[in-house]
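A structural walkthrough
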Amino acid sequence: MLYKNMQSTDSEAGVAQRPRQNYVGQRVLRVENPPLLRGHGLFIDDMPVKAGTLHAAILRSPHAHAEILSIDVTDAISLPGVRAVVTGQDVAAMTDPLIVGFATPMRYHGIAVDRVRYVGEPVAIVCASDRYLAEDALDHIRVEYRPLPAVVDPIAAAASDAPILHPAVGSNVVSYREFRHGETDKAFAEAKRRSEIVITYPRNSITPIEGYAVVAEHLLDSGGYDVISNFQGPFSLHPVMARALRIPGNRLRHRSPPNSGGSFGSKLALFPYIVILCIASRLAGRPVKWIEDRLEHLAAASAAPNRVTRIEAAYDDDGIVSALRLKHWDDHGAYLRAPMPAPIYRMHGLSTNAYGIKHVDVFNHILVTNKCPTGAVRGFGGPQLYFAVERMMHTIAGELKLDPLELIRRNLIPAGSFPYRAPAGALIDSGDYQRLIDETVSGGGLDELRQRRDTARRQGKLYGIGFAVVVEPSQSNMGYISTLKTGIERERSGQKDGAVAAATVSMDPLGTVSVVADSVPQGQGHQTALAQIVADQLGVKIEDVVVNLEIDTQKDGWSIAAGNYSCRFAPAVASATHLAAVRLREKLARIAASSLNVPPDNVEFADRKVFARDNAENWLSLHRVAGQAHWSPASLPDGMAPALRESVTWSAPELTPTSARDEINTSLAYGFGFDFCGIEIARETGEIRIDKYVTSHDCGTILNPGLADGQIHGSFAAAIGASLYEEFSYGEDGSFLSGTFADYLVATAAEMPKLDILHPVQSPSPFTRLGAKGIAEGNQYSTPVCLANAVADALGRGDITVPLKPAKILEWISGDEAKSRSVAAKASPKGSSINGEGLAYVAGDPQTVWSALLNENGLRAAIPGCERLERVGENAFKATVTLGVGPVKGSFKADIGLSDLDEPRSAVLKGVLSGLLGTASGTGLLTLVPQNGGCRIDYRYEIHLSGQAAMVGGRMVNAAARRLINEFFLRFAASLGEVNRAGTSLPSWRARIKSLFGAQQ
Amino acid sequence: MKPANFDYARCERVESALDLLAEHGDDARIIAGGQSLMAMLNMRLVRPSIVVDIASLDELAYVKEAAGYVEFGATVTQAAAEAWPALRKRVPLVAAALPHIGHFQTRNRGTICGSLCHADPSSELPLCLATLGGDVVLRSRRKKRVVGALDFQIGLLSTAKQPDEMMVAARYPAARSGWGYAFREISRRHGDFAIVALAAVVGDGKIRLGVGGVDDKPAVHEWDDMDDDSLADALNDFAWDLGGGDDIHATARYRREMVRRLGKKVIGEARQCRS
Amino acid sequence: MQVLKQSERHRVRFTLNGERVEGLAEPRMLLTDFIRHEIGATGTHVGCEHGICGACTIRVNGKAVRACLMLAVQAEGKEIETVEGLAAKDGTLSALQAAFHRNFALQCGYCTPGFLMSLVDYLEKNPNPTEADIRIALSGNLCRCTGYAEIVNAALEAAREIQALSASK
Ligand SMILES: Cc1cc2nc3c(=O)[nH]c(=O)nc-3n(C[C@@H](O)[C@H](O)[C@H](O)COP(=O)(O)OP(=O)(O)OC[C@H]3O[C@@H](n4cnc5c(N)ncnc54)[C@H](O)[C@@H]3O)c2cc1C
Ligand code: FES
Ligand code: FES
């Protein structure tokens, strides 16, 4: 869509074409831009801090699951510049656990207390005079861990024999609920046809470029805390933090910086850091500043829950779906932290998406696993749900040999039935899905795309078209999370509903306007949108309006819903601000009415003036009217409050509590999105090329098309990431594998396809003041499944998982791999544990080799980089080794043991190494076989790596580990070669050391 | 993510760098472009006691044509090499490979020799040097020596360079008339390290294929020129020999497939562009 | 040759956007930290400290580079340009900045200084780029807000404008 720009300052061109006093709906240029473009933005790390402020660095767990046996901070605390080292025990002693939305014995303090449960979990905090020194001190904290078995897969975690993360809970399924809306079982029993598919949705996030940042100060005098952070809300977490800190709510002062570098939901989850840094400040006796770095963010900030969904559909021969059954296993990582598991419940009311499906059952398993805890991520439960529903619709179309779009059309909620109450409770306010689809099909060029597919297929290409429709909820009902409680529990704990928005609009004596509202934007342009709304109401120029959204919880109006999430802005903040501006306008009109000698509702506002509607000559300048309100309260109409300041709090009545039958209207407004795309898969490489992508949105009234399309483009890019590139990868042992931006892959401009955006229909919401709905999340829902559907179409394949990595796709499209002509192919090593096998020929008979293995000297000679080795038990040794590849080296403490001894035939060699680069534990089975007068050692090994090297080493760690194993045997062989030369009939045994994964000869 | 402590020396002469290397040995780290080293320092994967900065050694900022090869001094950046007018003609393989290395901002500082010394198994420049059979020139206070590419890079991030040595230059054999050169790589995003990188040289009745990103270091195989069927078998054998492993970006099988499929392509391209 | 000792602060002097500046830095201090926290020019941002996000892109002696992959002591004597130097002294936005403004090419603005500095450098050397050129040139800068479409448009528009301007001169 093309819009004409509207300038935000008079000094720039373009003002002449401006329609008089009508900013809303125009492409007004962002008032946020000028300082940001000049490098004058004020992000939290740009703000000055008090002299003496300390800098925090956080020690993090290298283990996915381990008991903390001891933490020794004595060396660290004595380093220069270090003021305090705070452990989980300290925090636990001074805080209460952070609560979640239901009663659970799980204890979460934001820092590990006696057990670590994911790689990256905070273990200790160093506060030092600068960040460099703080990081130095981390190296000197000694933590003794006892590793525990880890579980990362949600289905495995639900099994009865899974390692339990929270013994107090007793199960990894921390919440389970069954919801039955309508008569689903009956519908299934009566249905002619049924389909079932299983969906696996991965873990990802939208990793803002600015990470978390907190400056916390303990106030000795009041016992409270002053905090500045880029926390984004919801402020329902403010009481959670205050309670954890054991202080009254009003003693926790939180302020937002002027700028925040993106969030996409992520910065919600920084609230536990606020708590632990408050404690750190209290113990250190100084303000403490913490800037999260990228490694910390990727490993330990937050992620959207990964999910497994088994979805079943009941339908007839025409493809009319009568019922759905959804079983979700929603994986929240190591701890549930508020407001989790909100995403699954935010979407609950919309379990039937845009369809008129009457019956739906939903079974929710909420699980914990040894991964980073989850949090909000743009889309908030939608991508997972709609991936299942929309894949199902395509599957049904495939079963019936129907065009998927035809199937979608047959099932859509009929136009004219809005507001429509979905079976699980969503009250979908407005829309015309059929018309939007029709216009998108023609406007977006679907017919031409279908021809393109035909042509491509005729040429033998793998070409597919995908579709997706999504209902896009905005402005969350603060009561929806209670849906996870039973009706009885809800009654007991008290009803929850609504969502309060707050705004204040003031006019000063010179007639210029200030706006304060309870949004915490991270770049969405809310200042611009609010200035547009207010300027229109008050007849001022946009530059007469200053919007300050740096919420200070001690001074500004806020309630629990405050913040910036779930597309709250357009429906809620804009409504509250609009209402406040209208009230101010009414007041000004009343004041002006007597001077203009007209009734108040005949007073018009434009061009910084108020005038009589019928007589433009009869006018007053706005600043005169404003001045009167400030300077002469006595002259104001009877009963009118002096001065000009209107504060509004607003909550929509449609946001009702969860019904006794568990129906919940989770959101206030519901937009609609429809996407289609054409993709081609390269047969040679498995790479996907997005040939065309069309996205069409109905978000009600568009406040500013520049801002709206910016949200669509941004969401689309994040969704392309989720579809093709981004994934937080974990090994089966819980090791974290995508710890850098070289491994967690964010799409760049070079990867982004062209996006066609359409807004063919605008169905204003009857429930919001301006008719506006959210727009920022739609593509998060639609794009991954639209692309997956296109890939399914191209390949004629059902099971499609994202991210769509070329290696995976190539396996889908290629048959068996060409066999090797020489050696029988061995299965390549899988997963994170590094395993392999090899063989080494050594001089000496098995007995000689055997004794060398069990002997300090033999081991010392074999272990690469062995500096010290001593026997500590019959077959147990302790060693200090320096290991690494090239310049990447580190000192490790090693515990080595030999067991399962079957002299001189086989033994099991176990080693556990820990050092600053991380930890490694390995088991090797050695078998000694006499051969040609020498001895052949067959070895199999499995190694688990965790910590820094595994996190950031990406593609190189496995190779490094294998190399070190091979080196061990090389050295062992070499040492024996010197012991016993007699058996060296093998020419150049060194060259014959073979390993499957090392250099094969 | 801040480096551990180290001393720092900015060298104005090669000799001063060599002195420091002789004095500190393995505890010293040269910094050239810093495009690999700095990230490792920031992550504390390397903790040298002294960082020896050679970036301002102008005497090594030269590209020189010599008999049969082109020599890049140690401080020639990848961007400077790209801008060298004769590059495409004299070392077409390097010209084709350079744009794949990171981004223009990283090439503005990253050096040719730094990439060779870093010895990343996926890197383009070591692959080109190995495939072309080039040399590197190492100097220490003790001596100067010339080492062949295959002897130089001995494994993952590991080279035959002794702690007191620095690389002063790299010699890439110049294009021969009648020979063809081609380069290809597959990576997840633009500028990423290659999942598989392939360099092909065809001439004199031989085919030479270098593969990066699969084994611990570039692997090079040479065959007599052959027909397509035999080539497919040869590439299949080569792919299996290389092994390779799974990582989060690609599987071992994918890497083998790329050796087979793109190997054929890149050899075809090299045949085509024989001049 | 002088060896700068660790744990000691050493004087570092360079030109920042045409003005001479100086401060003290330990050898290990990153140039990003020095520019931001010693000099106080906080327009240059930090997003990864391993060279990938591009938020810290600045120009050193006329070339765009990653400030997070340089030590402060390496900036000694150099000419450094950052986002603060792009607008005219009176605050007038440069053609590129104005194009970003017109095109909604920024949202949170955290990545923006890096994009601007990359593009200033790129357009100076490649005044007539295609869209594909721009996309590749920008592959070293991550933005999570905008989806890049408007950034690419802004870059192309600015390139045309700068061309036209220099043609008219
Ligand atoms: C975002 C990004 C993407 C990248 N993508 C790629 C890519 O796709 N392909 C690729 O190959 N590289 C890539 N790189 C790395 C590349 O840019 C580096 O330039 C290169 O690996 C090292 O060169 P350098 O001059 O920067 O060396 P430095 O980082 O300074 O040094 C690297 C190592 O070599 C040693 N060293 C350097 N010079 C000498 C010398 N003359 N004598 C002795 N030792 C020396 C150093 O001590 C250090 O151990 C990327 C880097 C970044 C930041
Ligand atoms: S901070 Fe320098 S590239 Fe990301
Ligand atoms: S504008 Fe926010 S990251 Fe680019």
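Residues numbered from 1 in each chain as written. Chains lettered and ligands numbered in written order. Predicted model: local features only at pLDDT ≥ 70, side-chain atom pairs only at ≥ 80, totals over all residues. Heavy atoms only, no water.

Frequently, the measure chosen for interface size is the accessible area that the parts lose on association. Per the domain assignment, the segments of chain A are domain 1 (44-148 + 212-291), domain 2 (173-204 + 303-482 + 666-811), domain 3 (501-649) and domain 4 (823-997). Computed from C-alpha atoms alone, the centre-to-centre distance between domain 3 of chain A and domain 4 of chain A is 75 Å. (Domains from an automatic or database assignment.)

Moving on, we get to the interface of chain C and chain A. On the chain A side, the residues contacting the 48 residues of chain C number 54 residues. A combined buried area of about 4200 Å² lies between chain C and chain A, and 59% of that area is made up of carbon and sulfur atoms. Among the residues chain C hides against chain A, the three largest losses belong to H101, F104 and R144 of chain C. Together they make up 23% of the total. In this structure, the connection of chain C to chain A is made through four salt bridges. Note that D46 of chain A and R36 of chain C form a salt bridge whose closest N and O atoms lie 2.8 Å from each other. Our count for the chain C to chain A interface comes out at 21 residue pairs in polar contact (both at pLDDT 80 or more). Broken down by secondary-structure element, the contributors of at least two residues to the side of chain C that touches chain A are α1 (31-39), α2 (95-102), α3 (112-125), α4 (131-137) and α5 (149-168) of chain C. Here the side of chain C that touches chain A gets four residues from one element, more than from any other, and that element is α2 of chain C. Of the residues in the side of chain C that touches chain A, the class split is 23 nonpolar, 16 polar and nine charged. (Contact = heavy atoms within 4.5 Å. Buried area = accessible area lost by both parts, 1.4 Å probe. Salt bridge = Lys/Arg side-chain N within 4 Å of Asp/Glu carboxyl O. Polar contact = N/O pair within 3.5 Å; in protein donor to acceptor, adjacent residues only side chain to side chain. Helix = DSSP H or I, 4+ residues; strand = E, 2+ residues; numbered from the N terminus. Nonpolar A, V, L, I, M, F, W, Y, C, P; charged D, E, K, R; others polar.)

All names here are of chain B. We note that the domain assignment places domain 1 (7-53), domain 2 (58-173) and domain 3 (180-272) within chain B. Between domain 1 and domain 2, the contact holds 17 residues from the first and 15 residues from the second. Of the roughly 1400 Å² buried between domain 1 and domain 2, counting both surfaces, carbon and sulfur atoms make up 63%. If you sort the residues of domain 1 by the area they bury against domain 2, V14, L18 and Q35 come out on top, with a joint share of 38%. On inspection of domain 1 and its partner domain 2, the count reaches two salt bridges. Summed over the shared surface of domain 1 and domain 2, the result is four residue pairs in polar contact (both at pLDDT 80 or more). Top element by residues in the side of domain 1 that touches domain 2 is helix α1 (residues 14-24). It accounts for seven residues. Looking at the side of domain 1 that touches domain 2 residue by residue, the class counts come to eight nonpolar, four polar and five charged.

Looking now at the packing of helix α7 (residues 237-244) of chain A against helix α8 (residues 271-284) of chain A. Residue and element names in this part refer to chain A. Put simply, α7 and α8 touch, their axes get as near as 10 Å, and they point 30 degrees apart. Accordingly, the angle class assigned to the pair α7 and α8 is roughly parallel. Every pair of crossing elements has a handedness; the one defined by α7 and α8 is right-handed. Packed against α7, whose contacting residues are L237, V240, M241 and A244, the element α8 presents F271, I274 and V275 at the interface. (Axes fitted to C-alpha atoms, helices over the stretch in contact; angles between N-to-C directions. Parallel < 35°, antiparallel > 145°, perpendicular 65-115°, else oblique. Left-handed = near helix turned anticlockwise from the far one by under 90°.)

Near ligand 1 you find 34 residues, and of these I30, S36, T111, S123 and E124 of chain B are the closest. Mapping the residues adjacent to ligand 1 onto the chains of the assembly identifies chains B and C. Counting only elements with at least two residues in the shell around ligand 1, the list comes to β2 (28-31), α7 (112-118) and β10 (166-173) of chain B. For the shell around ligand 1, the leading source of residues is α7 of chain B, giving four residues. Partitioning the shell around ligand 1 into residue classes produces 13 nonpolar, 17 polar and four charged. (Near = heavy atom within 4 Å.)

Before going further, it helps to spend a moment on the sheet that holds strand β25 (residues 609-612) of chain A. Residue and element names in this part refer to chain A. Here three strands make up an open sheet; going across it, the order is β24-β25-β26 and the pairing antiparallel. One side of each edge strand has no neighbouring strand; the edge strands of this open sheet are β24 (603-606) and β26 (615-621). Across the sheet, the mean angle separating the axes of adjacent strands is 35 degrees when strand polarity is ignored. Strand direction decides the pairing type here: β24 and β25, joined by four bridges, are antiparallel. (Pairing = 2+ DSSP bridges.)

Residue and element names in this part refer to chain A. Under the criterion given, the structure shown has 28 aromatic pairs over all chains. For the ring pair Y108 and Y335, a centre distance of 4.7 Å and an interplane angle of 35 degrees mean the geometry is tilted. One end of the pair, Y108, is in the loop between α3 (88-94) and β6 (115-116); the other, Y335, is in the loop between β16 (321-331) and α10 (342-346), and 227 residues separate them in sequence. Across this residue pair, the class does not change: Y108 and Y335 are buried. For the pair F179 and Y345, a centre-to-centre distance of 5.9 Å together with 75 degrees between the ring planes defines the contact as edge-to-face. Placement of the pair is F179 in strand β9 (residues 173-181) and Y345 in helix α10, with a sequence separation of 166 residues. With respect to class, F179 is no different from Y345; both count as buried. Through a chain of ring-to-ring contacts, three or more aromatic side chains come together here, namely Y939, Y941, F968, F969 and F972. A cation over a ring is seen here: K609 above W619, with NZ or CZ 4.8 Å from the ring centre. (Phe/Tyr/Trp six-rings, centres within 6.5 Å; stacked < 30°, edge-to-face > 60°. Buried < 20%, exposed > 50% of the residue type's maximum accessible area, 1.4 Å probe, protein only. Lys NZ or Arg CZ within 6 Å of the ring centre and 35° of its normal.)

Now for the environment of D53 of chain B. In this fold, D53 of chain B is placed in strand β3 (residues 50-53). Taking the C-alpha atoms as reference points, D53 of chain B and P126 of chain B, 73 residues apart in sequence, are found 22 Å from one another. When sequence neighbours within four positions are dropped, the list of residues in contact with D53 of chain B reads Y8, A9, R10, C11 and I31 of chain B together with Q74 of chain C. A polar atom in the side chain of D53 of chain B sits 2.5 Å from the side chain of Y8 of chain B.

Quick look at the pairing of strand β5 (residues 82-87) of chain A now. Residues and elements named next belong to chain A. Of all the six residues making up β5, five are buried; the element is thus mostly covered by neighbouring parts of the structure. Relative to strand β7 (residues 122-128), β5 is paired through five bridges, and the arrangement is antiparallel. For V82, the partnering residue across the bridge sits in β7 and is A128.

Take the sheet that holds strand β13 (residues 252-255) of chain A next. Residue and element names in this part refer to chain A. Strand order in this open sheet of seven strands is β5-β7-β3-β14-β11-β12-β13, and the pairing throughout is mixed. Since the sheet does not close on itself, it has two edges, and those belong to β5 and β13, each with one partner. In this sheet, neighbouring strand axes are inclined to one another by 25 degrees on average, regardless of whether the strands run parallel or antiparallel. Pairing geometry for strand β12 (residues 225-229) and β13, over four bridges, is parallel. Its bridge partner being in β13, V227 is matched across the sheet by H254.

The next subject is unusual backbone geometry. Cis geometry is found at the peptide bond from F418 of chain A to P419 of chain A, where omega equals -5 degrees. In this fold, P419 of chain A is placed in the loop between α12 (404-411) and β18 (420-421). In this model, E903 of chain A is joined to P904 of chain A through a cis peptide bond whose omega is -15 degrees. Mapped onto the fold, P904 of chain A is located in the loop between β34 (888-902) and β35 (906-915). The phi torsion at Y148 of chain C lies on the positive side, around 75 degrees, for a residue other than glycine. Relative to the helices and strands, Y148 of chain C resides in the loop between α4 and α5.

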